[in-house]
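Chains, contacts and geometry: an overview
Chain by chain, the residues:
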Amino acid sequence: MKKIILAAIAAFALASCTTYNPIAINGEIGSKKGQATGTSLFGGLINFGNNTILAAAESSSITRVSTVDEKIVNILGGFVVTRTTIISGE
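The following refers to the structure shown. Because the structure is a prediction, the values reported are computed rather than measured.

Thresholds applied
Residues numbered from 1 in each chain as written. Predicted model: local features only at pLDDT ≥ 70, side-chain atom pairs only at ≥ 80, totals over all residues. Heavy atoms only, no water. Helix = DSSP H or I, 4+ residues; strand = E, 2+ residues; numbered from the N terminus. Polar contact = N/O pair within 3.5 Å; in protein donor to acceptor, adjacent residues only side chain to side chain. Contact = heavy atoms within 4.5 Å. Salt bridge = Lys/Arg side-chain N within 4 Å of Asp/Glu carboxyl O. Buried < 20%, exposed > 50% of the residue type's maximum accessible area, 1.4 Å probe, protein only. Core = buried A, V, L, I, M, F, W, Y, C linked by side-chain atoms within 4.5 Å. Pairing = 2+ DSSP bridges.

Inspection of the secondary structure puts T67 in strand β4 (residues 65-75). One polar contact links T67 to S88, side chain to side chain, over a distance of 2.6 Å. T67 has contacts with A24, I25, I29, I86, I87 and S88, leaving out every residue within four places of it along the chain.

Here it is in structure tokens:
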């Protein structure tokens, strides 16, 4: 029984999930791509990074945004969450 409980705890601790979400589309996919990443720990108690659309646009000198997507990676059952905003434009 102890082995089953330990295996369940290990599976939970090592579990991760990655999802991609389309946020907005305004015309065709642009030739430039930019991204910005932010990470939160312990359910949002500690946050660092800047994953805003503005930060992603500034990282690639994009002035006209065409598409916005978001990549979310949950690690350790959501204790560590990384969000990356991915944009394209001109």
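The discussion continues.
Let us look at the pattern of salt bridges. For the structure shown, the criterion picks out 1 salt bridge. Between E70 and R83 there is a salt bridge whose closest N-O contact spans 3.4 Å. Within this pair, whereas E70 is found in strand β4, its partner R83 is found in strand β5 (residues 80-89), the two being separated by 13 residues in sequence. Here R83 falls in the partly exposed class, since its relative accessible area comes to 36%.

Here we take up the environment of A11. Along the chain, A11 turns up in helix α1 (residues 2-14). Residues A11 and T82, 71 residues apart in the sequence, show an inter-C-alpha distance of 20 Å.

As a further point, take the nonpolar core. A36, A55, A56, A57, I62, V68 and I87 together form the largest nonpolar core, which totals 7 residues. Here the element with the most residues in this core is helix α2 (residues 53-60); it accounts for 3 residues. Setting aside residues no more than four positions away along its own chain, A56 makes contact with G34, Q35, A36, T85 and I87.

Glancing now at the pairing of β4. Looking at chain direction, strand β1 (residues 16-25) and β4 are connected through 9 bridges and run antiparallel. When the bridges of β4 are listed, Y20 appears paired with K71. As defined by bridge partners, β4 adjoins β5 across 10 bridges and the pair is classed as antiparallel. Bridge assignment links E70 to a residue of β5, and that residue is T85. The turn joining β4 and β5, which pair antiparallel and follow one another in sequence, is formed by 4 residues; a positive phi near 55° is taken by L76.

So, to be careful, I would describe these as geometric facts and stop short of saying anything about function.
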